[in-house]
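Fold and geometry: a report
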Amino acid sequence: MADSGRKLIPLEGLRGIAAAIVVLYHLVLAFTPKGVGAVPHGYGALDVFTQFLLGMLNGGAAVAVFFVLSGFILSLPFARDRRFSRVLVALLKRWPRLACLTVIACLFAFVLITWSGHDYKAAAHVIGAGWLASHGNSPIKPEHLTWEGALREGLINVFTRGEVKFDSPLWTMRIELFGSFAIFLAAPVLFAIGSWTVRLGLVALAVYVSGTGYPFTFFADFLTGTVLAMLYAEGRLPRLGNKAALVLGGLGLYLFSFTYEQALLIHAPLKLFLPAAYSHYVWDTGAAAIIMVLLGNPAASRAFSGHWSVWLGVLSFPVYLLHGPILLSAGSAAFMEGVGTLGMAGAAVLAALCSIFLTLLCAVPLAWVDRLWTGLLSRLTRPLTRRRPPPAMEHA
């Protein structure tokens, strides 16, 4: 596993693509009247293809991919090191690792909201977009608009209460934190157990006990990543030929596009026997299939191992944190500026382009801060995980 970092580059590309899907999903919710609920009819094969493309704008499935990847990456170090000190350091580092960027994102959102005022409400009134009118499902009152409130939200409340007045996509951070804690405790135990029957039995029991209610259903995402990490670390992931990879990848994309909210005919077979509460398990299966293709098929792995994949991975977290406040403020302002001359469609395109450009522009320095911060945390905690030499060597 000496070159495991290089082998995992395709997963960084997948993380970046998932972040891009979340951004596009929110742009469609914000700047189109029907959001992602539009269903085309009457175009035969083209209709089916269009429905599939609409299904790929699946923000919920993209978030599930994030969590599956987190479960995979966070579990992998325990394949070789299951010492208590490793577990303790992982637990201690996780909140500071996330909180640095969430604080910056919330303070940034405070500045943007103060500058843009109620442009998002004006744009929502013109478009008829409920998601935009509700400030991205996170209504904010004038008394909330303080820098202290933004600081408190990014540092504490987003993790303990799931509070997201300033930056609505941060609702995932509480799940990310506590899901990570669960994996840090579960992964060493699962890796230490030799029997796959016992391993899978414990995972199934944990998924059953956690249930399908929010937010506990997301625990299945992390455990899916842990199972994949065990398969990968032990060399059990299948090597896939191109035909097998094409079939498995197509199945993964089909499952990724599944949603109960959209009445897409291509998903009718699944809905015949699958309750809505089990959507997460569909997305987990799809994410696992895609990951197996990226790690098990040489052609797919090479295609996702370029510099673009590395950059997508580096920018994915900053892009995810910043895109919400930017599209709600600068994006809405751009829409209102353009709607008089460009019309609804032209203004929506202008708002989307403005939001994407500014998100990428701001994500680059935030990625640099993230790199410095994670490096500092690693240096500070390295002494806690350093292996002590045997007693004979200590006195040599």
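These numbers come from a predicted model, not from an experiment.

**What about the pattern of salt bridges?**
- Under the definition given, this model contains nine salt bridges.
- Between Arg15 and Glu12 there is a salt bridge, with the nearest N and O atoms lying 3.7 Å from each other. Of the two residues, Arg15 and Glu12 both sit in helix α2 (residues 9-31), three residues apart, roughly one turn of that helix.
- For Arg15, a relative accessible area of 17% corresponds to the buried category.
- Arg97 is paired through a salt bridge with Asp370; the nearest N and O atoms lie 2.9 Å apart. Of this pair, Arg97 sits in helix α5 (residues 84-116) while Asp370 sits in helix α16 (residues 307-385), and the two are 273 residues apart along the sequence.
- Arg97 sits in the partly exposed class, given a relative accessible area of 21%.
- Beyond isolated ion pairs, a larger network of salt bridges with shared partners links Asp81, Arg83 and Arg86.

**Notes on the confidence of the model for the protein chain**
- Here the protein chain shows a mean pLDDT of 88. Residues at 70 or above account for 90%.
- When pLDDT is averaged over each element of the protein chain, helix α11 (residues 219-233) comes out on top at 96 and helix α17 (residues 391-394) at the bottom at 50.

**As for the environment of Ser301**
- Mapping Ser301 onto the fold places it in helix α15 (residues 298-303).
- Measuring from C-alpha to C-alpha, the distance between Ser301 and Leu8 comes to 8.8 Å, with 293 residues separating the pair along the chain.
- Not counting residues within four places of it along the chain, the set of residues in contact with Ser301 comprises Pro10 and Leu294.

Conventions we followed
Residues numbered from 1 in each chain as written. Predicted model: local features only at pLDDT ≥ 70, side-chain atom pairs only at ≥ 80, totals over all residues. Heavy atoms only, no water. Salt bridge = Lys/Arg side-chain N within 4 Å of Asp/Glu carboxyl O. Helix = DSSP H or I, 4+ residues; strand = E, 2+ residues; numbered from the N terminus. Buried < 20%, exposed > 50% of the residue type's maximum accessible area, 1.4 Å probe, protein only. pLDDT = per-residue confidence, 0-100. Contact = heavy atoms within 4.5 Å.

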